[in-house]
Amino acid sequence: QECKDRLFQRLEFHGIKVTKVTEEEFCYIPMGGALPMRDQRILGVGGAAAMVHPSTGFFLCRCLMGATDAAKAIKEELLLSSSDETINVERAVASAYHALWSPDNISQRNFAVYGGEFLMTQNVVGLRGFFDGFFK
């Protein structure tokens, strides 16, 4: 409700009059959280794969980079399987998972989770100071 109230205050400040609300959307953006299980047959991507940046909420860039890496890994597994006409789904998904969550990607994510957890401990004044300094 607080975000909605602030939105309407900002619109009013800018002289924008809302005459009708046709739809109101509510969502939950998972930020941080556990990585997907490595041993499942379904490869999670985007929010389902904990790809949302834990301190900014952004995920499109990481998702697109990860999708490219995962597609390449799956393609390589399919090419290996084409010789005997038996596709090893578990191996293909495991390879794609490793492409998404290489040790470097996991380290980078762990650092971002640490940053997100740090930001959550700050009060409003501290956050404003942090972001003012960060974006100048």
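Look up: the structure comes first, before these words.
Worth saying up front: this structure is predicted, and the values here are computed from it rather than measured. (Residues numbered from 1 in each chain as written. Predicted model: local features only at pLDDT ≥ 70, side-chain atom pairs only at ≥ 80, totals over all residues. Heavy atoms only, no water.)

Okay, the overall build of the chain next. Along the backbone of the chain there are five helices and zero strands. Going from the N terminus to the C terminus, the chain shows its helices and strands as α-α-α-α-α. When the backbone C-alpha atoms are referred to their principal axes, the chain occupies close to 65 × 35 × 25 Å. The proportion of buried residues among the 136 residues of the chain is 24%. A separation threshold of at least 6 residues defines the contact pool for the chain, and within that pool the share at least 24 residues apart is 54%. (Helix = DSSP H or I, 4+ residues; strand = E, 2+ residues; numbered from the N terminus. Buried < 20%, exposed > 50% of the residue type's maximum accessible area, 1.4 Å probe, protein only. Contact = heavy atoms within 4.5 Å.)

With eight residues, the main nonpolar core is built from Ala49, Met51, Cys63, Ala70, Ala96, Tyr97, Leu100 and Trp101. Sort the elements by how many residues they give to this core and helix α3 (residues 89-100) lands first, with three residues. Here Ala49 is in contact with Pro36, Gly44 and Trp101, once residues within four sequence places are set aside. (Core = buried A, V, L, I, M, F, W, Y, C linked by side-chain atoms within 4.5 Å.)

This structure, assessed with the given rule, holds four aromatic pairs. Between Phe130 and Phe131 the ring centres are 5.0 Å apart and the planes differ by 80°, which places this aromatic pair in the edge-to-face class. Residue class for Phe130 comes out partly exposed when judged on its relative accessible area of 36%. Ring centres of Phe131 and Phe135 lie 6.0 Å apart, and the angle between their planes is 15°; on these two criteria the pair is classed as stacked. Taking the relative accessible area as the measure of exposure, Phe135 reaches 63% and is therefore exposed. An aromatic cluster is built from Phe130, Phe131, Phe134 and Phe135, whose rings are joined through pairwise contacts. (Phe/Tyr/Trp six-rings, centres within 6.5 Å; stacked < 30°, edge-to-face > 60°.)

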